[in-house]
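Structural characterization, general
What follows is the residue order along each chain.
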Amino acid sequence: MSAHAADSPAAPAPAMETPKRIWRERSAMLLRSAPFVVGMLILIFWVLMAIIGPWIVPYGADDTDLLNTLTPPAADHWFGTDQFGRDVFSRVIVGSRDILIVAPLATLLGTLVGTVLGLVTGYARGLTDDVVSRIVEAFLALPLLILAMLVITALGASNATVIIVIGLSFGLVVGRTVRAAVLGERDLDYVAAANLRGERPAYILFVEILPNILPPILVETTVRLGYAIFTVASLSFLGLGIQPPSPDWGLSISQNYGLIGGGFWWTVLFYALAIGSLVVGVNLTADGVQSVIDA
Amino acid sequence: MGLYRAIFYRLVLAVVTLLLLSVIVFAGCQILPGDVGRAILGPFADARAVQALNHQLGIDRPLLVQYWSWISGMVRGNMGMSYTYRAPVAPFVIHAVLNSMKLAAIAFILVVPLGILGGVVAALKANSWIDRTIVIAGLSATVVPEFVSGIVFIMVFSIWLHILPLTGTAPRGAGPVTQIYYLLMPSIPLFMILFGYIARMARAGMIEALHSDYTRTAVLKGLSRRQVIWRHVMRNALLPTITVIATQCGYLIGGLVVVETLFNYHGIGSLIFSAAKAKDFPMLAAGILVIGTVYVTVNLIADLLYSALNPRISFGGSR
């Protein structure tokens, strides 16, 4: 976490490192890291499937075939069929879509809210900071899943509710990270100089300080994306996230997992593997970004 | 600031956090749902019946009065009446918490030593293939949702190999050994999540300690590798792990919702989940408040423990 201090103007800059050069070196380091490349390939695969999936799958995700229900994997149905005769392979491919819309939007909302919250509380300090910090502490005493369950129960489940609940909760967490980063910057000379020039606080926060704390925000965002996918999948599994008739993975598992006792493992296993591959892919990517920025 | 003042200060902060938390839970359970009588009786119920039920439940009173009667009841151990069971909430919550504690205890007993061991081995063999395997496997295990790993383990151990039961609930009247046997499977997904975190922190703490000046001094003093590691490195390396274990408690409770639902086990997670589904708001509020209290208390203890064990932290220093 201390690494970004090296980018700040106050630190003795090692021989004219322009921001562009730093980013180029970092990208080169990323591409040499095997876990990052593997993670990125998995992520690109699923994003591609979410976009073009419906046009390349052999069957429609919702097409039922009541003469061929619960058939095991075979040549015409690679991953078998479920209890309505729907093709599991097609559903797994198309099922990537909703989670890859909801989770990134929630992450984006969380990053925006958290950045503003952290900039303001870190810069204001004093009473504002104390009050906001206490409230944030209180919210974070609840596991995200429980908090989400409370709000979704009260407001009703929909993609929008899920995005807002996860986004706002992430805002609190990201806010803490950004606040800590701002505290490290606000007493540096360039901020004092801007103050003396008579710049307004909004200008100092967003134009002067923000560019210098982008690396920790980027790390936090990639890490949050992994958590968002985790949480959206878990909520969908509980019936509180993405709603039917979506072929979403978590939702499909919750609808089918009663069947595995009867030996119909293919109605569940492939969705589980899809979720597993996506979260591992995102987190390998996040880990790569983090280790390069912290290096 | 003296030791006792610092402890007192942290206690006050914890109480403030809990009070704010109770307001959040109250708002979530009483204000957000709107018309509770309508929510329970459904959209087609008679308006007078809805009104009568609202009066009977006491939710036509001013919010402040409702909050006061709810929170003062909570403090005295009176958690209100369940809408679903028409019975006091407290016994349900206590029973569920005890069940969850059994499950969590088994997961922790398995994961803490193994997680620390994994981290220490990885640190001692830093950058070897053993290290990379532990780190990547730990990271992957940590990020996969509990229901996903749970389902894979159900398939392997229950359905294909027939060595572990499908549910977490042992038959009525089962002895402790049978209960533990039934809880092994549900504890695996929790184990997976926690293992990566604990191993990672233990590894980082260990590596930092291995590169520190005091370790250098100990080596130069001529102590054997074994002595250096056990006397000097371990103690400092394990400190951060305490914090992780405490913060993961909150995470664990969130995970319990999913795991208990998946394995049909009656703990606090499945209690909250079924209360939420049935819109049983007193049960939901009590369950959530209990969870929050456990989390805040565990973190307070970890915070104090960490400070007490760490020679470099004096109480109440600059924040």
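Not measured: the values here are computed from a predicted model. (Residues numbered from 1 in each chain as written. Chains lettered and ligands numbered in written order. Predicted model: local features only at pLDDT ≥ 70, side-chain atom pairs only at ≥ 80, totals over all residues.)

Here we look at the overall build of chain B
Regarding its fold elements, chain B presents 12 helices and zero strands. Walking chain B from its N terminus toward its C terminus, one meets helices and strands in the order α-α-α-α-α-α-α-α-α-α-α-α. Dimensions along the principal axes, computed over C-alpha positions, put chain B at roughly 85 × 60 × 35 Å. Across the 319 residues of chain B, 38% fall into the buried class. (Helix = DSSP H or I, 4+ residues; strand = E, 2+ residues; numbered from the N terminus. Buried ≥ 20, exposed ≤ 12 C-beta atoms within 10 Å, placed from the backbone.)

Thoughts on the overall build of chain A
Scanning chain A from terminus to terminus reveals 12 helices and zero strands. Overall, the C-alpha framework of chain A stretches about 80 × 45 × 30 Å when taken along its three principal axes. In chain A, of all internal contacts separated by at least 6 residues, the share reaching a separation of at least 24 is 74%. (Contact = placed C-beta atoms within 7 Å.)

Considerations on the domain arrangement of chain B
Each assigned domain of chain B is listed with its residue range as follows: domain 1 (34-78) and domain 2 (94-309). In this structure, domain 1 of chain B and domain 2 of chain B have C-alpha centres spaced 39 Å apart. (Domains from an automatic or database assignment.)

Some words on the UniProt feature "transmembrane region" (unreviewed entry) in chain B
Residue and element names in this part refer to chain B. Those places that UniProt annotates as "transmembrane region" (unreviewed entry) correspond, in this numbering, to residues 103-124, 136-160, 180-199, 237-263 and 283-309. In the segment residues 180-199, helix accounts for 100% and strand for 0%; the C-alpha atoms at its two ends are 25 Å apart. Secondary structure content for residues 283-309 is 100% helix and 0% strand, while the C-alpha to C-alpha distance between its ends is 39 Å. (UniProt positions renumbered as here; feature names shortened; annotations may be inferred.)

A few points about helix α7 (residues 146-160) of chain B
All names here are of chain B. The terminal C-alpha atoms of α7, which comprises 15 residues, lie 20 Å apart, in line with the 21 Å expected from a rise of 1.5 Å per residue. Bending of α7 peaks at approximately 30° at the position of I154. Where α7 ends, the next residue or the one after it, H162, has phi of about 55°, a positive value. (Expected span 1.5 Å × (residues − 1). Bend = angle between axes of the 7 residues up to and from the residue.)

Concerning the interface of chain A and chain B
On the side of chain B, 38 residues touch chain A, which itself brings 38 residues to the contact. When contributions to the side of chain A that touches chain B are tallied by element, the ones reaching two or more residues are α5 (126-140), α6 (144-155), α10 (214-237) and α12 (266-294) of chain A. Taken together, the residues that form the side of chain A that touches chain B break down as 29 nonpolar, six polar and three charged. (Nonpolar A, V, L, I, M, F, W, Y, C, P; charged D, E, K, R; others polar.)

So, the packing of helix α7 (residues 159-185) of chain A against α10 of chain A
Residues and elements named next belong to chain A. Where α7 meets α10, the axes come as close as 10 Å, and the angle between the chain directions of the two elements is 155°. Classified by the angle between their axes, α7 and α10 sit roughly antiparallel to one another. Viewed along their axes, α7 and α10 form a crossing whose handedness is right-handed. Packed against α7, whose contacting residues are V162, I166, F170, V174, T177, V178 and A181, the element α10 presents P216, I217, E220, R224, A228, T231, V232 and L235 at the interface. Its residues assigned to classes, the contact of α7 with α10 comprises 11 nonpolar, two polar and two charged. (Axes fitted to C-alpha atoms, helices over the stretch in contact; angles between N-to-C directions. Parallel < 35°, antiparallel > 145°, perpendicular 65-115°, else oblique. Left-handed = near helix turned anticlockwise from the far one by under 90°.)

Structural notes on the environment of V289 of chain A
All names here are of chain A. Structurally, V289 can be placed in helix α12. When the C-alpha positions of V289 and A28 are compared, they lie 12 Å apart, and in sequence the two are 261 residues distant. In this structure V289 touches L218, V219 and T222, once residues within four positions along its chain are discounted.

Quick look at the packing of helix α5 (residues 90-124) of chain B against helix α8 (residues 176-210) of chain B
Between two packed helices, both the angle of their axes relative to each other and the distance between the axes serve to describe the pair. Residues and elements named next belong to chain B. Direction vectors running N to C along α5 and α8 enclose 35°, while the axes themselves pass 5 Å from each other. With respect to the hand of their crossing, α5 and α8 are arranged in right-handed fashion. Class assignment for the residues of the contact of α5 with α8 results in 25 nonpolar, four polar and three charged.

Looking at unusual backbone geometry
Cis geometry marks the peptide bond from P244 of chain A to P245 of chain A; its omega dihedral reads 5°. One non-glycine residue, R86 of chain B, adopts positive backbone phi at about 50°. Within the element layout of this structure, R86 of chain B appears in the loop between α4 (63-75) and α5. The class for R86 of chain B is exposed, based on 7 C-beta atoms found within 10 Å.

Some details on the confidence of the model for chain A
Residues of chain A with pLDDT of at least 70 account for 94%, and the chain-wide mean is 84. Residue range residues 1-13 of chain A is modelled with pLDDT below 50. Its contacts to residues more than four positions away, or to other chains, number 19 contacts. (pLDDT = per-residue confidence, 0-100.)

Comments concerning the nonpolar core
Membership of the largest hydrophobic core comes to 162 residues, with the highest contact counts inside it found for I229 of chain A together with I198 and I272 of chain B. Residues contacting I198 of chain B, with those up to four places away along its chain left out, are V111, V112, G115, I116, G119, T241, V244 and I245 of chain B. (Core = buried A, V, L, I, M, F, W, Y, C linked by C-beta atoms within 7 Å.)

Quick look at the confidence of the model for chain B
All names here are of chain B. Counting all residues, the mean pLDDT for chain B is 82, and 94% of those residues have values of 70 or more. Here residues 315-319 scores under 50 on pLDDT; set against residues more than four positions off or in separate chains, the count is eight contacts. Interface scoring of the predicted complex returns ipTM 0.82; its pTM is 0.85.

Focus: the environment of V182 of chain A
Residues and elements named next belong to chain A. Turning to its location among the elements, V182 is positioned in helix α7. Distance in space between the C-alpha atoms of V182 and L210 is 8.3 Å, their sequence separation being 28 residues. Setting aside residues up to four positions removed in sequence, V182 forms contacts with G118, L119, G122, Y123, I209 and I213.

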